[in-house]
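Breakdown of the fold
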Amino acid sequence: MHESGSIDQKVLDFFNPWLDYTVHGSWSFLPQRGIAGLLQPVMVRQHLLFYSALDALCFCHFQPIWLQRPGSCAFSAIGFQPTSGQVQELKNQLPNARTIGVFDDDLCGKVLDCKVALWLMGRDANFDYAKDMVNIHYRDKEFSIPEPEFSLHRFRMLFGFRSAFRTIKPQAHTSFTTMLAHRKRA
């Protein structure tokens, strides 16, 4: 999908112990190495979640500051259909880390932001989409939010809950991967 030449070599060097470049041209984190950037679990202060290893590489290409203090930041690719158990397991592995979601700035990414925030607190909600509305059932409450107005912030405000989970979204692009692809074409 992306040649290694399109991603900063310093980023590739940092992630090299955890990366596998597949024959299909995509990146993945080596399963036996676990969480990328991890030196000692108690050292990690920020734990960034992505859909894929490529998303992490693209993000760090544009935000290299996250790589300046080795061991203080960790990076996980949780896939496109993560589970509550998967997120809880990562949380338990990094007891001192604040979790940050770096998912796409689209409806799927925004729903995942809400799901991860809830899963980190041991909760869950149901989301569905119909007629340009996001319908949410959380505990005994139900709300419908127009898709353009839907976000983690709006969800928190409607349902009145707080969490330490935060998100990072790309500016003027759906994802950091499309941001890199656009830059490469320009």
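Our subject is the structure listed above.
Residues numbered from 1 in each chain as written. Predicted model: local features only at pLDDT ≥ 70, side-chain atom pairs only at ≥ 80, totals over all residues. Heavy atoms only, no water.

End to end, helix 4 (residues 107-120) covers 20 Å across 14 residues, agreeing with the expected 20 Å (1.5 Å per residue, within 8%). Burial analysis of helix 4 places 13 of its 14 residues in the buried class, the great majority of the element. Gly122, located one to two residues past helix 4, shows a positive phi value of around 75°. (Helix = DSSP H or I, 4+ residues; strand = E, 2+ residues; numbered from the N terminus. Expected span 1.5 Å × (residues − 1). Buried < 20%, exposed > 50% of the residue type's maximum accessible area, 1.4 Å probe, protein only.)

Empty space within the largest pocket amounts to approximately 250 Å³. Of all the secondary-structure elements, those providing two or more residues to the lining of the largest pocket are strand 4 (73-77) and helix 3 (84-93). A total of four residues in the lining of the largest pocket trace back to one element, the largest contributor, which is helix 3. Looking at side-chain class alone, the lining of the largest pocket contains eight nonpolar, four polar and one charged residues. In this structure, the second largest pocket spans a volume of roughly 160 Å³. Lining the second largest pocket are 14 residues, with Lys91, Ala97, Thr99, Leu120 and Ala164 positioned closest to its centre. Among the secondary structure elements, those contributing two or more residues to the lining of the second largest pocket are helix 3, strand 5 (98-101) and helix 4. A class-by-class count of the residues in the lining of the second largest pocket yields nine nonpolar, three polar and two charged. (1 Å grid on protein atoms, 1.4 Å probe; cavity = no way out; pocket = protein on both sides within 12 Å on 5 of 7 lines; lining within 4 Å. Points joined across faces, edges and corners; volume = space filled by probe spheres on them. Nonpolar A, V, L, I, M, F, W, Y, C, P; charged D, E, K, R; others polar.)

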